[in-house]
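# Residue-level structure breakdown
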Amino acid sequence: ERIQIDGSSLAHEQLVALVDEVRAAVAKIPKLTTFEITTAIGFLAFAQQNVDAAVVEVGLGGRLDATNVVTPRVSVITSLSMDHMAVLGDTLAKIAGEKAGIIKEGVSVVSAPQKEDAIEVLLRVAREKNAPMTLVGRDVKYEFQSSSLDGQDFIIHNSKFIIPLLGSHQLINAATAYAALKASGLEVS
């Protein structure tokens, strides 16, 4: 389920073929992690299927993550918190520094709302990398409208959206995805 194309997981036969294709390269590189191998298989699947766009999620952190070899159309940083502290650092600023490692020179970056310690780091790195930054809640405002057990609806830039997910964090996630899509330059109806 980690590799999907058009919303569908790869067929078992496809996955087996991709594993066979990367097997020789993997054997030459000692100590690869399962995540690194899975990332390579995903990239190969996307290339073979000639996808128009791929959403690639980092595994842990960002700066040293296997997915960070990609130069994206847009980098996205979701809500940061005190997680994976043994690897990423013991303060929100240190964690933000690791996450900011995905920000590339001149590539737009979109961030969900962040605590002050985190946003200071993200804004600084974006400035250093000449990466235009869009901050949800500041540059992209969303407005909750209503909710039911079927989902919730909200407005961004005078357009109404309905999502089947409940919770205020889902509104932030949806607004962040909207901002990322706009920043990517991809044309989607």
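Residues numbered from 1 in each chain as written. Predicted model: local features only at pLDDT ≥ 70, side-chain atom pairs only at ≥ 80, totals over all residues. Heavy atoms only, no water.

## Thoughts on the pattern of salt bridges
Applying the stated criterion across every chain yields a total of six salt bridges. A salt bridge links D90 to K94, with the shortest nitrogen-to-oxygen separation between them at 2.9 Å. A residue is classified by how much of its surface remains accessible, and K94, at 45% relative accessible area, is partly exposed. (Salt bridge = Lys/Arg side-chain N within 4 Å of Asp/Glu carboxyl O. Buried < 20%, exposed > 50% of the residue type's maximum accessible area, 1.4 Å probe, protein only.)

## Here we look at the environment of A131
The topology assignment puts A131 in the loop between helix 5 (116-128) and strand 5 (133-135). Using a relative accessible area of 6% as the deciding quantity, one classes A131 as buried. Contact partners of A131, with chain neighbours within four places excluded, come to I103, K104, G106, V107, V109 and A126. (Helix = DSSP H or I, 4+ residues; strand = E, 2+ residues; numbered from the N terminus. Contact = heavy atoms within 4.5 Å.)

## Brief notes about the pairing of strand 8 (residues 159-163)
Side chains on a regular strand alternate between the two faces of the sheet. Pairing of strand 7 (residues 151-156) with strand 8, which is carried by five bridges, proceeds in the antiparallel orientation. Its bridge partner lying in strand 8, D153 is registered against I162. The antiparallel hairpin formed by strand 7 and strand 8 contains two residues in its connecting segment, where H157 sits at a positive phi of about 45°. (Pairing = 2+ DSSP bridges.)

## Let's talk about the sheet that holds strand 6 (residues 142-148)
The three strands are arranged 6-7-8 in an open sheet whose pairing can be described as antiparallel. The outermost strands of the open sheet, each flanked by one partner alone, are strand 6 and strand 8. The average undirected angle you get between the axes of adjacent strands in this sheet is 20°. By the bridge criterion, six bridges tie strand 6 to strand 7 in an arrangement that is antiparallel. (Axes fitted to C-alpha atoms, helices over the stretch in contact; angles between N-to-C directions.)

## Section: the pairing of strand 7
Across the six residues that make up strand 7, a large majority, five, are buried. From the end of strand 6 to the start of strand 7, which pair antiparallel, there are two residues.

## Examining the sheet that holds strand 3 (residues 74-77)
Reading across the sheet, the three strands line up as 3-4-5 and stay open at both edges, with parallel pairing between neighbours. Strand pairing shows two members of the sheet lacking a second neighbour, strand 3 and strand 5, which therefore form its edges. Neighbouring strand axes in the sheet, compared pairwise and without regard to direction, differ in orientation by 20° on average. Looking at chain direction, strand 3 and strand 4 (residues 108-111) are connected through four bridges and run parallel. By the bridge assignment for strand 4, I77 is matched with S111.

## Here's the deal with the side chain of K99
Its location among the elements puts K99 in helix 4 (residues 92-99). In this structure, K99 is buried with no salt-bridge partner, the nearest side chain bearing the opposite charge being D83 at 5.3 Å. Aside from chain neighbours lying at most four places away, what touches K99 is G61, I77, L80 and L88. (Lys, Arg positive; Asp, Glu negative; His and termini not counted.)

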